[in-house]
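# Results of the structural survey
Residue strings, one per chain:
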Amino acid sequence: MPTYTLLVAACVLWPLATITAQASTASPLEHAVDPAIKPGDDFFAYANGAWLKATTIPAGMERWGARNEIDDIVRLRIATLLEVATRAPLGSSARKVADFRAAYLNESAIEAKGLAPLRPTFDSIDQIADKAALTRTLGRTMRTDVDPLNWGVFQSSSLLGLSVEESIHGEKQYVAFLVQGGLGLPDRENYLGSAPRLAELRTRYRQYVGRLLSLAGFDRGDERGAAVVALETAIAQTQGTRVTSANDHNADNVWTRADFARRAPGIDWSTFFAAAGLAKQESFVAWQPTAVIGVASLVASQSLPVWQDYLRVRAIEASADVLPRAFAEEAAMMRAAVTGLLQPGRAERALAATQLAMSDAIGRLYSEQYFPAEQKARVQGLVANVAAAFARRAQAATWMAPATKAIALEKLKRLYVGIGYPDRWQNYVDLRVNPADAFGNAQRIADRNYHLALARLGRQIDMREWWIAPQTVGAILTFQLHSYTFSAALLQAPKFDPTASDAANYGAIGALIGHDISHFVDVLGADYDVDGAMRYWWPAADSARFEALAAPLVSQFSEYRPLPDARVNGKASASENIADLAGLGAAFDAYRRTLGNKINDKEFVRQQDREFFLGFAQSWRAKLSELAMRTQVGSDHAPEMYRVSTVRNFAAWYDAFDVRPGQRLYLEPSARVRVW
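This structure is a prediction, so every number in the text was calculated from the model and none was measured. (Residues numbered from 1 in each chain as written. Predicted model: local features only at pLDDT ≥ 70, side-chain atom pairs only at ≥ 80, totals over all residues. Heavy atoms only, no water.)

### Examining the confidence of the model for the protein chain
- Here the protein chain averages 95 in pLDDT, and 96% of its residues register 70 or above.
- Note that pLDDT drops below 50 for residues 1–24; the model gives that stretch 107 contacts with residues more than four away or on any other chain. (pLDDT = per-residue confidence, 0-100. Contact = heavy atoms within 4.5 Å.)

In structure tokens:
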């Protein structure tokens, strides 16, 4: 169950790693403010004044902020790393990364090969003489390109996709998930929806499938393509919707081998699983049961020639970008028709494909170059302090009954926080990458990934497994594992600045870390118990007290009106706003404890407090168009400028910025909210 976020290995009473506070008479954060604005009237605009004046939203975008800036930096860094990797020793992981990208860009080699790389696949499809052979082919071509519980990927390129991951019942071993797939368009709605745009898209798609078959040398391309699309439409009719697929309780659909035979007749499941390398697997989660039943029924009812053409089309489309230009261009035009977006050029697609294929190897290169050990150690010390501070706040919370509090503290004690990059890296020594064989490289990566997934079956769950790449800008909470991993890519200014004061970094990354830690024991984490099982552990009375304490914060946010006819939905964004309040409070407590005996120097403390709150505000810098603002006010994440206004609930902010009654953000002390 994913979300954005950060952290490091820890337990509930982490040792306090004292970090020296740094005084600065000319802080860059102070230079970035707009002195014409009173902090007590609009702290976001005050703190981000220079950036707001200098920044415009790029053409074609509706918003621009710190995350977008970091994304751009990371893209450039990865492109540089891949160029440098071309000079790495032959056979090294770095060189394999470079060679994979080089092969993707080697269009002359791709053109020269023509359709030869696909001939073995076509020959195999030609030899399908009965439904047993079809079943073996469907099993043999299954892929591991889905992830229902971590990233919410509910559609496979293969008819059924395999994922091997943790489940929601506190299992100690990895679980096999079967997830629907096999569609050429992104979703069942594209096949079944009644909107005129979707009808036009289906017409365009039928033409596209026919052209793929014709380009590959098959006769009657349009007629056969229409039959393939009809089969895909029948598959779509059996599939779960996006809404039903996103329900974590789909993990309750545990089927034994006997269940498949009984509930989904029409296919020889023993043959299917044997071909898929799953002959010894006795149970699976059928994530969308109707899709499994539908697959079996359609294997039985649809003709072999149509299934063969379906398999040919799926094989062509899956590899279109590493086939001759005619195929790549057809696929790009189809993607543009689906998304309505201008498609990236060859170089950008090569970079994306390389990232997908060898993410772990690129993550290692990125981490070694851009997130050195000393930075990781500094963030780990900060995280340990924030985590300990939040644990103290949880211990002191009055709204939890003793039994509830005991569970919360135990969950915090078990929490693993991974910072920057994993403890272990993949070993690519077994992978062959040929700089002149883009098709073969892609196939070998897919096969390798599938066999790695099979090898996990029967193994104990790695509670410190990373589900996010170090070079991906973001973080992920995995409630079943009590795990929180934060990528190296996100750990840069203004989220974390190694050149900034400790106070500023506590306000920026520290508050974000505290925010996410709180989620493990708040209304989100309440769904998962100490053992990682999906079991709600908050008693009704505790929940009621929590909601009562949070009600004034809901009211605060509901009063924000960025446009005359649009206001923030304080109830919809309550969970995130409460977490912001909790994270900022824990980070502030942790930062103050690092000051040591300087805590008695009032002027020094005031200056450091300013750094803390400015670091927080500047880490959320963003500009939104009117359309983006109208969209975000009703979402579960309030616009950034109002999230920054969380500071109005902290007495120290008033002292640090001379906030007085009559200013727009001023709250009487009795109106300031504290939940944790």
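### Description of the sheet that holds strand β3 (residues 175–180)
- Here four strands make up an open sheet; going across it, the order is β2-β3-β5-β4 and the pairing mixed. Strands with a single pairing partner mark the edges of an open sheet, and in this sheet they are β2 (160–165) and β4 (254–256). Neighbour-to-neighbour, the strand axes of the sheet open up by a mean angle of 35°, direction not taken into account.
- Relative to β4, helix α15 (residues 289–301) is tilted by about 35°, and along the sheet it contacts β2, β3, β4 and β5 (283–286). (Pairing = 2+ DSSP bridges. Helix = DSSP H or I, 4+ residues; strand = E, 2+ residues; numbered from the N terminus. Axes fitted to C-alpha atoms, helices over the stretch in contact; angles between N-to-C directions.)

### Considering unusual backbone geometry
- A cis amide bond, omega 5°, links Ala-493 with the succeeding residue Pro-494.
- Mapped onto the elements of the fold, Pro-494 is located in the loop between β8 (483–487) and α23 (502–519).
- The phi dihedral of Arg-220 falls on the positive side, at around 50°, and the residue is not glycine.
- Relative to the helices and strands, Arg-220 is located in the loop between α10 (196–215) and α11 (221–238).
- Judged by its relative accessible area of 47%, Arg-220 falls in the partly exposed class.
- Phi is positive for Asp-658, which is not a glycine, with a value near 55°.
- Its location among the elements puts Asp-658 in the segment after α29 (651–656).
- The partly exposed category is assigned to Asp-658, whose relative accessible area is 39%. (Buried < 20%, exposed > 50% of the residue type's maximum accessible area, 1.4 Å probe, protein only.)

### Section: the packing of aromatic side chains
- Following the criterion strictly, the structure yields 41 aromatic pairs and no others.
- With a centroid separation of 5.4 Å and an interplanar angle of 75°, the aromatic rings of Trp-269 and Phe-272 are classed as edge-to-face. Separated by three residues within a single helix, Trp-269 and Phe-272 lie in helix α14 (residues 269–275), roughly one turn from each other. Of the two residues examined, Trp-269 and Phe-272, each falls in the buried class.
- Judged by centre distance (5.3 Å) and plane angle (85°), the rings of Phe-557 and Tyr-560 are edge-to-face. The pair Phe-557 / Tyr-560 is uniform in exposure class, with both members buried.
- Grouped by ring-pair contacts, the aromatic residues Phe-43, Tyr-46, Trp-653, Tyr-654, Phe-657 and Tyr-666 constitute a single cluster. (Phe/Tyr/Trp six-rings, centres within 6.5 Å; stacked < 30°, edge-to-face > 60°.)

### Observations concerning helix α4 (residues 66–85)
- The terminal C-alpha atoms of α4 lie 28 Å apart, and with 20 residues this matches the ideal 28 Å at 1.5 Å per residue to within 8%.
- Turning to α4, its buried residues are Ala-66, Asn-68, Glu-69, Ile-70, Val-74, Ile-78, Leu-81, Leu-82 and Ala-85. (Expected span 1.5 Å × (residues − 1).)

### Some points on the pairing of strand β6 (residues 416–420)
- Here β6 lies mainly inside the structure; five of its five residues are buried.
- In the sheet, β6 pairs with β8 via five bridges, with the strands oriented parallel. Each residue of the ladder has a partner; that of Val-417, found in β8, is Tyr-484.

### Focus on the sheet that holds β6
- Pairing in this open sheet of three strands is mixed, and the strands run β6-β8-β7 from one edge to the other. Pairing within the sheet leaves two strands with one partner each, and these edge strands are β6 and β7 (475–478). Looking at each pair of strands side by side, their axes are set apart by 5° on average, direction ignored.

### Some words on the nonpolar core
- Within the largest apolar cluster, 214 residues are counted, with the highest numbers of intra-cluster contacts made by Phe-43, Trp-269, Leu-278, Phe-613 and Trp-676.
- Setting aside its immediate chain neighbours within four residues, Trp-269 contacts Leu-160, Phe-260, Ala-261, Ala-264, Val-292 and Ala-296. (Core = buried A, V, L, I, M, F, W, Y, C linked by side-chain atoms within 4.5 Å.)

### Observations concerning the environment of Gly-570
- Along the chain, the position of Gly-570 falls in the loop between α24 (540–558) and α25 (574–593).
- According to the relative accessible area criterion, Gly-570 is buried, its value standing at 2%.
- Taking the C-alpha atoms as reference points, Gly-570 and Lys-411, 159 residues apart in sequence, are found 28 Å from one another.
- Once residues lying within four places of it in the same chain are set aside, the contact partners of Gly-570 are Val-554, Phe-557, Ser-558 and Asn-577.

### Brief notes about the packing of α4 against helix α5 (residues 93–105)
- Contact geometry of α4 with α5 gives a least axis separation of 8 Å together with a crossing angle of 105°. On the basis of their axis angle, the class for α4 and α5 is roughly perpendicular. For the pair α4 and α5, the contacting residues are Leu-82, Glu-83 and Ala-85 in the first and Ala-94, Arg-95, Val-97, Ala-98 and Arg-101 in the second.
- Of the residues in the contact of α4 with α5, the class split is five nonpolar, no polar and three charged. (Parallel < 35°, antiparallel > 145°, perpendicular 65-115°, else oblique. Nonpolar A, V, L, I, M, F, W, Y, C, P; charged D, E, K, R; others polar.)

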